[in-house]
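Okay, here's what each chain looks like letter by letter:
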Amino acid sequence: MRLTLLGTADARQVPVYGCECCACAAAQVDPRLRRRPCSALIECADQRWLIDSGLTDLVERFPPRSFNGILQTHYHADHAQGLLHLRWGQGLVIPVHGPVDPEGLADLYKHPGILDFSQPFSAFESRQLGALRVTAVPLVHSKPTLGYLLEGEGRRIAYLTDTVGLPEHTRDFLQRQPLDALVLDCTMAPQPQSPRNHNDLNLALACIAELKPRLAVLTHIGHTLDAWLPDNALPPGVVVARDGMVV
């Protein structure tokens, strides 16, 4: 099983438009430091599924029938805007499995085109997609949001973004699943106050301590965290994602 992190940014991306902080300045001159909308590709045997669709160049990156469908965590624009163009394809149907959200994004439900939204996940529902088993776990966010437990080929990865902490039932469920890797929202550097919609580093590390993965990968990174990292160290077994990183 192979998880490729296609994008690792928060909604503002890095560099942030008009920002001159050290992280944004560095990303302006070094493309390796740039971050695009948070998304991933999970591959297991003959299965290839996108996790989120915030990249606006999906039709250029993925030729028709080169992936099986999309596991949508939620329908905020930075995670779903790529669907607005992708839907106008023809000659195929792309399943989009995600949370039950009556609003979705813009007019996607009214004009889905080739996208099939007919099978949303319920909480803790598991689906066997060929060799890949996917279980949807509820997260804490300002829109209905799911994380995904991905199992296949003897590996188990939890992909949890966007969230601020973990619901009790999700935490208890994942504690019973020994994780090879945890990919976790960590949008901000340590904050003096409790974050409201995304993890800061303090809360992310608390989640990691509860779930005890073999490897923890921080994603959904904002520029303030990128600016904080050069002068600070992370605990062993915790790494910061980069676009293109393979887990």
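Thresholds applied
Here the residue index of a chain counts from 1 through its sequence in written order. In keeping with the model being predicted, local features are shown solely for residues with a pLDDT of at least 70 and side-chain atom pairs are shown and tallied solely at 80 or more, while totals for entire chains, interfaces and linings include all residues. Water and hydrogen atoms were dropped before computing side-chain values, which therefore reflect all heavy atoms in the structure. Each reported salt bridge corresponds to a side-chain nitrogen of Lys or Arg within 4 Å of a carboxyl oxygen of Asp or Glu. In DSSP terms, a helix is any run of H or I states spanning at least four residues, a strand is any run of E spanning at least two, and both are numbered starting from the N terminus. Burial classification: accessible surface area is computed with a 1.4 Å probe over protein chains only, and a residue below 20% of its type maximum counts as buried, one above 50% as exposed, and the rest as partly exposed. We call two residues in contact whenever any of their non-hydrogen atoms come within 4.5 Å of each other. Whenever a nitrogen or oxygen atom comes within 3.5 Å of another N or O atom, the pair is scored as a polar contact, on the condition that within protein one atom can donate a hydrogen and the other can accept it, and that pairs from neighbouring residues in sequence are kept only if both atoms are in side chains. UniProt positions are given in the numbering used here, feature names are shortened, and annotations may be inferred rather than shown by experiment. Of the grid points, spaced at 1 Å and generated over the protein atoms alone, those admitting a 1.4 Å probe that cannot get out make up cavities, while open sets with protein on both sides within 12 Å along at least five of seven lines make up pockets; any residue with an atom within 4 Å of a point is treated as lining. Grid points are joined across faces, edges and corners, and a volume is the space filled by probe spheres set on the points. For this classification, Asp, Glu, Lys and Arg are treated as charged, while Ala, Val, Leu, Ile, Met, Phe, Trp, Tyr, Cys and Pro are nonpolar and the rest, including Gly, are polar. Pairing between two strands is assigned when DSSP locates at least 2 bridges connecting them. Only the stretch in contact is used when fitting a helix axis, every axis being a line fitted to C-alpha atoms; angles between N-to-C directions are given from 0 to 180 degrees.

An unreviewed UniProt entry lists the chain under the name Phosphoribosyl 1,2-cyclic phosphate phosphodiesterase, from Pseudomonas fluorescens.

Engineer: How do you make sense of the pattern of salt bridges when you look at a structure like this?
Structural biologist: Pairing is possible between side chains of opposite charge, provided their charged atoms come close. Taken as a whole and judged by the stated rule, the model has 14 salt bridges. Ionic pairing is found between Arg 36 and Asp 57, a salt bridge with its closest N-O pair at 3.2 Å. Here Asp 57 lies in the loop between strand 3 (47-51) and helix 2 (58-61) and Arg 36 lies in the loop between helix 1 (22-29) and strand 2 (39-44), a separation of 21 residues in the sequence. Under the relative-accessibility criterion, Arg 36 is labelled partly exposed at 26%. The salt bridge involving Arg 87 is made with Asp 107; its shortest N-O contact spans 3.0 Å. Taken as a pair, Arg 87 in the loop between helix 4 (83-86) and strand 5 (94-97) and Asp 107 in the loop between strand 5 and strand 6 (115-116) lie far apart in primary sequence, 20 residues in all. On the basis of relative accessibility, which here comes to 7%, the residue Arg 87 falls in the buried class. On the accessibility criterion, Asp 107 (31% relative accessible area) is partly exposed. Because the salt bridges share partners, they merge into one network encompassing Arg 2, Glu 43 and Arg 48.

Engineer: How should I be thinking about the environment of Thr 73 in this particular structure?
Structural biologist: For Thr 73, the position within the fold is in the loop between strand 4 (69-71) and helix 3 (77-80). Sequence separation of Thr 73 and Ser 39 is 34 residues, and the distance between their C-alpha atoms is 9.5 Å. Contact partners of Thr 73, with chain neighbours within four places excluded, come to Ile 51, Asp 52, His 79, Pro 99, Pro 144, Thr 145, Leu 146, Tyr 148, Tyr 159 and Thr 161. In this structure the side chain of Thr 73 is engaged in a polar contact, spanning 2.7 Å, whose partner is the side chain of Asp 52. Within polar-contact distance, the side chain of Thr 73 engages the side chain of His 74 at 2.8 Å.

Engineer: Would you take a moment to explain the UniProt feature "domain: Metallo-beta-lactamase" (unreviewed entry) in the chain for this structure?
Structural biologist: In this structure's numbering, the residues bearing the UniProt feature "domain: Metallo-beta-lactamase" (unreviewed entry) are residues 36-220. In residues 36-220, the share of helix is 17% and the share of strand is 29%. The end C-alpha atoms are 9 Å apart.

Engineer: Help me understand the layout of surface pockets in this model?
Structural biologist: To find the voids left in a structure, one rolls a probe of water-molecule size over its atoms. The computed volume of the largest pocket comes to approximately 220 Å³. If you go around the largest pocket, you meet 17 residues; those closest to its centre are Pro 64, Leu 86, Leu 92, Ile 94 and Ile 114. Contributions of two or more residues to the lining of the largest pocket are made by helix 4 and strand 5. Broken down by class, the residue content of the lining of the largest pocket amounts to twelve nonpolar, four polar and one charged. Along the walls of the second largest pocket sit Thr 187, Met 188, Gln 191, Gln 193, Ser 194, Pro 195, Arg 196, Asn 197 and His 198, which together make up its complete lining.

Engineer: Explain the sheet that holds strand 13 (residues 238-240) here, please?
Structural biologist: In sheet architecture, strand pairing relies on hydrogen bonds along the backbone and comes in two forms, parallel and antiparallel. Spatially, seven strands are ordered 7-8-9-10-11-12-13 in an open sheet, and the strand pairing comes out mixed. The sheet is open, and its two borders are formed by strand 7 (126-129) and strand 13, each paired with just one other strand. Averaged over all pairs of adjacent strands, the angle between strand axes in this sheet comes to 20°, irrespective of strand direction. When strand 12 (residues 215-219) meets strand 13, the two strands line up parallel, connected through three bridges. Across the sheet, residue Ala 216 finds its bridge partner in strand 13, namely Val 238. Along the sheet face, helix 5 (residues 168-175) touches strand 8 (132-138), strand 9 (146-152) and strand 10 (155-160) and points at about 150° away from the line of strand 8. Against the sheet, helix 6 (residues 201-211) makes contact with strand 10, strand 11 (181-185), strand 12 and strand 13, and its axis sits at roughly 155° relative to strand 11, the strand it touches most.

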